[in-house]
Amino acid sequence: MSDPTAFFAAVAAEHPRCFWLDGGGAREWSGRRSLIGWLDDDDVSLTYDAARREVTRHTGGGSEVVGDDIFAVLEAAMAPGEQWFGYFGYACRPDLPARPDPALPDAVWMRASQVRVFEHAEGVSGPTSQTRRHSGRATGTTAPAEYAEAFAAVQEQLHAGNSYEVNLTYRLGVTSGVEPASTYLALRDSNPAPYAGFLQHDVAGHRAWLLSSSPERYALVGPDRTIETKPIKGTTPRGETPAEDDALRERLASDPKTRAENLMILDLLRNDLSMVCEVGSVEVPALMQVESYASVHQLVSTVRGRLRDDVSTLAALRALFPAGSMTGAPKLRTMSIIDEVESSPRGAYAGAFGWISGDGPADLGVVIRSVVTAGDGEWSLGTGGGITVRSDVDEEWAESCWKAERLLSVLEPD
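- Going by an unreviewed UniProt entry, the chain carries the name Anthranilate synthase component I family protein and comes from Nocardioides piscis.

And the structure:
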């Protein structure tokens, strides 16, 4: 079978624990391979409840608490030749200020005994070069009061010198009877992306569905222990004509405010990598490049280094977590500001989703442009952007709407 979509639909219908790491919307830098996997009843999965500080192991129809730190439990469970698939939610590091998700597990990881690999032909299901954005939602309206109040509180912190940049986000909730697997197929058609993917973990009391169309790399760890991250900071919508599209792309590439935002996060990532990499190995091979997707242009940089011999892959992933592009700088103080001003927990949003090998390699994307559900008809998604002292409240609100638009469209089909 060469078409992964039909295969995926059958797997999702039959197996309550399954995933698709989807290479159909891949970039040259992310490869064109899809992994579709599922767990048999005796296979192991792990979930994390940050409120209880409990990691639960699920296998053979039973569940037991096995620890209080998902990174530590996952590392202890890793064995050479094995791969784990799943996500870390934003609240997975208990040493950092972040609220647990009351509705879904704060992390899900699965050790699959069954994995099918698909290689996508070049140009199949990839990002379109020119796609008109949806016009059914207002994106230039005045920011609502709740967002404006949070924005003002962030500005106070910025002007007080407590942070250089704060990634201010909010959660949207949608009640919808759409079915997760078919909704994911609609999302990948609407918004193809390098870190597209689907996760289903349907175990009583530990249910989670994650549908991702993320364009951002959290971390790639290679066999040679090179680690790479590709922070995104700076987003603008696509134009409705080629001329308008080119103008928006050029404005993004040259705008001083946007470039300053990108540089601040770039420096944060350089610092994070320097804590786990060999001295002198951290470099920036790509600085502030524009990448174009179906609905937006984005400003992307690449930071790369080589892990020290005494740093494991899980230790590196933990040290970088959560992604600096989703916090701001400096990270710890800015996360405290976020915890004070955001009205909802982030959940899986702003976390990381992908695979980790017991042999060392790993590949995870940042959980953005994604929707989640506990399978009860209630869906949620996060959206937002980086705020500096030069930010305008209505412009930032509009940007958050652009980012959420295609996600909302698949939850509210015509």
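Side note on the UniProt feature "domain: Chorismate-utilising enzyme C-terminal" (unreviewed entry) in the chain
Then step 1. Taken from the UniProt record, the annotation "domain: Chorismate-utilising enzyme C-terminal" (unreviewed entry) applies to residues 145-403.
Then step 2. In this annotation, residues 145-403 is assigned 34% helix and 36% strand; the end-to-end C-alpha distance for the span is 20 Å.

Description of the packing of helix α4 (residues 180-190) against helix α9 (residues 393-411)
Then step 1. Put simply, α4 and α9 touch, their axes get as near as 9 Å, and they point 145° apart. Like other packed secondary-structure pairs, α4 and α9 cross with a definite hand, here right-handed. Here α4 contributes Thr 183, Ala 186, Leu 187 and Ser 190 to the contact with α9, which in turn contributes Arg 406, Leu 407, Ser 409, Val 410 and Leu 411.
Then step 2. A class-by-class count of the residues in the contact of α4 with α9 yields five nonpolar, three polar and one charged.

Here's the deal with the packing of aromatic side chains
Then step 1. Applying the stated criterion to the full structure yields 17 aromatic pairs.
Then step 2. Ring centres 4.9 Å apart and planes at 40° place the aromatic pair Phe 8 and Trp 20 in the tilted group. Of this pair, Phe 8 sits in helix α1 (residues 4-14) while Trp 20 sits in strand β1 (residues 17-22), and the two are twelve residues apart along the sequence.
Then step 3. Between Phe 8 and Phe 198 the ring centres are 4.9 Å apart and the planes differ by 80°, which places this aromatic pair in the edge-to-face class. In this pair, Phe 8 is assigned in helix α1 and Phe 198 in strand β10 (residues 195-203), connecting sequence segments 190 residues apart. Assigned by exposure class, Phe 8 and Phe 198 land together as buried.
Then step 4. Each residue in the set Phe 71, Phe 88, Trp 109, Tyr 218 and Phe 321 is aromatic and connected to the rest through ring pairs, giving one cluster.

Rules used throughout
- Residues numbered from 1 in each chain as written.
- Predicted model: local features only at pLDDT ≥ 70, side-chain atom pairs only at ≥ 80, totals over all residues.
- Heavy atoms only, no water.
- UniProt positions renumbered as here; feature names shortened; annotations may be inferred.
- Helix = DSSP H or I, 4+ residues; strand = E, 2+ residues; numbered from the N terminus.
- Axes fitted to C-alpha atoms, helices over the stretch in contact; angles between N-to-C directions.
- Left-handed = near helix turned anticlockwise from the far one by under 90°.
- Contact = heavy atoms within 4.5 Å.
- Nonpolar A, V, L, I, M, F, W, Y, C, P; charged D, E, K, R; others polar.
- Phe/Tyr/Trp six-rings, centres within 6.5 Å; stacked < 30°, edge-to-face > 60°.
- Buried < 20%, exposed > 50% of the residue type's maximum accessible area, 1.4 Å probe, protein only.

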